[in-house]
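Reading the structure
For reference, the chains in residue letters:
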Amino acid sequence: MNLKRRLRGHAEVHTGALNDILFILLLFFLIVSTLANPNVIKLSQPKAKSDTKAKQTVVVSIDANNQFFVGTSKVSLEELKARLQPILAKETDQPSVVINADKNVPIENVVAVMRVARELGARSVLAVDKNGVQ
């Protein structure tokens, strides 16, 4: 009496479709993470013919309401120097302050940030629209 089954079915899980979906999700999150910008303050920048690339030690933003931001944290003009000093002190190379100002901001506010950057020994760079003058 032969009790063994001659034809045994082997259980198999097909993961080809699952691998495709996981690969697509991985690519999606990689692309989205490279496009994400930590400086999320929305500004309409002035236009210029040339675009200056500089190593960004710190970004100071001035919005249309004349509010100052270091990175994404709101500061007043009086406490700007105290906030920038420890950040710029960490930089061993030539530190730079990128000024990201709305095009409607009075020039006095931009010059005030440039003055603070010069007092701290940093180079100031004004961010402009990449499309250039039309």
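In this report, we go over the structure that sits alongside the text. (Residues numbered from 1 in each chain as written. Predicted model: local features only at pLDDT ≥ 70, side-chain atom pairs only at ≥ 80, totals over all residues. Heavy atoms only, no water.)

1. Digging into the overall build of the protein
To be explicit about the condition: By definition, any uninterrupted DSSP run of H or I lasting at least four residues is a helix, any uninterrupted run of E lasting at least two residues is a strand, and each is numbered from the N terminus. Here's how the labels work: a residue is buried when its accessible area is under 20% of the maximum for its type, exposed when over 50%, partly exposed in between, all with a 1.4 Å probe on protein chains only. Note on definitions: a residue-residue contact is assigned when non-hydrogen atoms from the two residues lie within 4.5 Å. Computed with a 1.4 Å probe, the accessible areas rest on the Shrake-Rupley method; for each residue, only the protein chains presented here act as cover.
On a plain count of helices and strands, the protein comes out with 3 helices and 5 strands. Along the protein, helices and strands appear, N-terminal first, in the series α-β-β-β-α-β-α-β. Among the 134 residues that make up the protein, the fraction classed as buried is 29%. By sequence separation, contacts in the protein at least 24 residues apart represent 73% of the contacts at least 6 residues apart. Per element, the accessible surface of the protein, about 10,200 Å² overall, is 56% carbon and sulfur.

2. Details of helix 2 (residues 80-89)
Operational definition: To obtain the arc, one takes the directions from the helix axis to the C-beta atoms.
Within the span of helix 2, buried status applies to Leu80, Leu84 and Leu88. Angular distribution of buried residues about the axis of helix 2 spans 40°; they occupy a single face of the element. Away from the buried face of helix 2 by more than 90 degrees, exposed residues Ala82 and Ala89 are located. Where helix 2 is buried, its residues contact strand 1 (58-62), strand 2 (68-70), strand 3 (73-75), strand 4 (96-101) and helix 3 (107-119).

3. Details of a nonpolar patch on the surface
To keep things clear, this is the line we draw: The patch calculation keeps residues exceeding 30% relative accessible area without a salt bridge and links them within 9 Å when they carry like charges or within 5 Å when they are nonpolar (Val, Leu, Ile, Met, Phe, Trp, Tyr). We count a salt bridge whenever a side-chain nitrogen from Lys or Arg sits within 4 Å of a carboxyl oxygen from Asp or Glu.
On the surface, a nonpolar cluster with roughly 680 Å² of combined accessible area is contributed by Leu18, Ile21, Leu22, Leu25, Phe28, Phe29 and Val32. Counting through the fold element by element, Val32 comes out in helix 1 (residues 16-35). Owing to a relative accessible area of 39%, Val32 belongs among the partly exposed residues under this scheme.

4. Focus on helix 3
So the rule is basically this: Expected span, for any helix, means 1.5 Å times one less than how many residues it has.
Between its terminal C-alpha atoms helix 3 stretches 18 Å, which fits the 18 Å expected from 13 residues at 1.5 Å a residue. Taken residue by residue, helix 3 has Asn109, Val110, Ala112, Val113, Val116 and Ala117 as its buried positions. Projected down its long axis, helix 3 shows its buried positions confined to an angular sector of 155°, all on one face. Every exposed residue of helix 3 that faces more than 90 degrees away from the buried side is listed here: Ile107, Glu108 and Arg118. Looking at the buried positions of helix 3, the neighbouring elements they touch are strand 1, strand 2, helix 2, strand 4 and strand 5 (123-126). Just downstream of helix 3 lies Gly121, where phi reads positive at about 80°.

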